[in-house]
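Descriptive analysis of the structure
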Amino acid sequence: MKKVIMLIMPLMLTVVSVQAQNQKEMKGSNIKAQELVLTQEWDKTFPQSNKVNHRKVTFVNRYGITLAADLYEPKDDAKGTLAAIAVSGPFGAVKEQSSGLYAQTMAEQGFLTIAFDPSFTGESGGEPRRVASPDINTEDFQAAVDFLSTQPNVDPERIGIIGICGWGGLALNAAAIDTRIKATVASTMYNMNRVNANGYFDADNNENARYEKRKQLNAQRTKEYAQGYYEQGGGVVDPLPADAPQFVKDYYDYYKTQRGYHKRSGNSNDGWTVTGPMSFLNQPILAYSKEIRSAVLIMHGEKAHSRYFSEDAYRDMTSYTNYRDNKELLIIPGASHTDLYDGGGKNAIPFDKLAAFFNENLK
């Protein structure tokens with residue numbers, strides 16, 4: 001009898017242990033931030049404003065990646081809670097570049113804002129470095145909304161987002177899934193799915209061209225797994241070829257000169273991993289854009305090579321839908337793609353228009 005009891009007891013202890021573990025898991029996982037090393041000195045590509053307070057903050061996305069952000073807050077004492085805006089982009093850039101300029105300027109207009117580094121880039125967490133994901137990067141915007149929604153000086157019913165370049169398309173994708181986002185601006189947007197799958201100007205929009213891209217990318221995966229490290233694809237071309245297209249010259253003028261260069265920016269330096277944006281080939285990001293009920297402003301430069309992304313996104317968003325009345329396409333005369341990164345020396349970014357749009361839709 002004693003032997004039987006001795007055999008049963010360990011089994012009972014194991015069952016109790018498993019039940020306790022199951023109960024613990026049923027309660028859910030903790031949202032836990034990773035400790036990041038953040039630069040405290042001002043290292044932006046634009047001058048610091050004396051009209052706003054600035055500090056570094058962090059928050060965690062649904063995949064457990066800790067994101068780094070710059071928070072900008074109006075210095076003027078505001079009564080009650082503020083409307084808030086989260087900003088990110090361009091694709092491959094960091095918060096010390098264009099997105100920080102947008103965030104600081106909108107804070108001067110009375111909004112509490114954050115400019116954040118996406119997962120795997122800049123000062124944010126995530127390994128390996130410099131990879132992209134239509135899912136995770138959309139989630140980054142939603143995590144920014146999580147953060148803003150829980151700030152004591154933010155009205156959670158008055159939150160908007162701004163996405164620049166490739167993050168314009170991701171901002172629209174976030175607006176399609178996140179009903180907490182009440183207003184969205186897509187500035188000089190790229191549809192990263194379309195450009196990866198079809199090439200520039202849809203020149204490679206055929207099955208054979210996509211098949212060859214897939215072959216090359218998957219061969220690269222095999223190579224990298226065997227060698228044990230990921231290869232970088234290179235940032236903006238340097239030195240600049242004499243026969244480079246104008247839009248490549250425009251990128252060079254921003255990312256490779258004092259105007260916009262930053263040491264943590266992939267576009268300014270060695271770029272994404274070669275297979276970094278691979279998943280965009282297979283996963284369209286604007287499938288439900290016509291179901292966005294909240295307000296959207298899409299703005300693009302008249303002379304931008306990428307203008308067709310915005311025009312087509314606006315067309316698709318406003319066709320055969322009941323939610324077209326609060327959507328707007330703004331084409332800015334004479335502006336190129338990168339003019340909407342920092343104004344291009346000609347004040348091309350219509351910040352007054354952005355302020356009016358958010359004030360109207362974040363009432």
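These remarks concern the structure in this document. (Residues numbered from 1 in each chain as written. Predicted model: local features only at pLDDT ≥ 70, side-chain atom pairs only at ≥ 80, totals over all residues. Heavy atoms only, no water.)

Here Asn198 lies in helix α5 (residues 192-198). Residue classification places Asn198 among the buried residues on the basis of a relative accessible area of 12%. There is a polar contact of 3.4 Å between the side chain of Asn198 and the side chain of Asp202. If we skip the residues at most four places from it in the chain, Asn198 touches Ala203, Asp204, Asn205, Arg210 and Lys213. (Helix = DSSP H or I, 4+ residues; strand = E, 2+ residues; numbered from the N terminus. Buried < 20%, exposed > 50% of the residue type's maximum accessible area, 1.4 Å probe, protein only. Polar contact = N/O pair within 3.5 Å; in protein donor to acceptor, adjacent residues only side chain to side chain. Contact = heavy atoms within 4.5 Å.)

This paragraph deals with helix α4 (residues 166-177). Note that an α-helix has 3.6 residues per turn; residues three or four places apart therefore point the same way. Along its 12 residues, α4 runs 18 Å from first to last C-alpha, staying within 8% of the 16 Å computed at 1.5 Å per residue. Of all 12 residues making up α4, 9 are buried, and the element is well covered by its neighbours. Buried residues of α4: Gly166, Trp167, Gly168, Gly169, Leu170, Ala171, Leu172, Ala174 and Ala175, and no others. (Expected span 1.5 Å × (residues − 1).)

Reading across the sheet, the 8 strands line up as β1-β2-β4-β3-β5-β6-β7-β8 and stay open at both edges, with mixed pairing between neighbours. Of all the strands in the sheet, just β1 (52-60) and β8 (327-332) have a single pairing partner and so form its edges. Shown here is a sheet whose adjacent strand axes are inclined to one another by a mean of 20°, direction ignored. Pairing of β1 with strand β2 (residues 66-74) involves 9 bridges; the strand directions are antiparallel. By the bridge assignment for β2, Val60 is matched with Thr66. Packed on one face of the sheet, helix α2 (residues 98-108) meets β1, β2, β3 (82-88), β4 (112-116), β5 (154-164), β6 (181-187) and β7 (295-301) and runs near 175° to β4. (Pairing = 2+ DSSP bridges. Axes fitted to C-alpha atoms, helices over the stretch in contact; angles between N-to-C directions.)

Another point: helix α10 (residues 351-361). Along α10, the residues classified as buried are Phe351, Leu354, Ala355, Phe357 and Phe358. Angularly, the buried residues of α10 cover 160° about the axis, an arc narrow enough to put them on a single face. (Arc of directions from axis to C-beta.)

The interhelical angle for the contact between helix α3 (residues 134-149) and α4, taken along N-to-C directions, is 70°, at an axis separation of 9 Å. When the axis of α3 is compared with that of α4, the two are roughly perpendicular. Here Pro134, Asn137, Thr138, Asp140, Phe141 and Gln142 of α3 come into contact with α4, specifically with Trp167, Leu170, Ala171, Asn173, Ala174 and Ile177. For the contact of α3 with α4, the class distribution of residues is 7 nonpolar, 4 polar and 1 charged. (Parallel < 35°, antiparallel > 145°, perpendicular 65-115°, else oblique. Nonpolar A, V, L, I, M, F, W, Y, C, P; charged D, E, K, R; others polar.)

Next up on the list: unusual backbone geometry. The peptide bond linking Gly89 to Pro90 adopts the cis configuration, its omega dihedral lying at -5°. You can see Pro90 is positioned in the loop between β3 and α2. Cis rather than trans, the peptide bond between Glu127 and Pro128 has omega equal to -5°. Residue position: Pro128 is located in the loop between β4 and α3. Positive phi, normally seen in glycine, also occurs at Thr188, with a value near 45°.

Without other data, these values stay purely geometric and don't point to any function.
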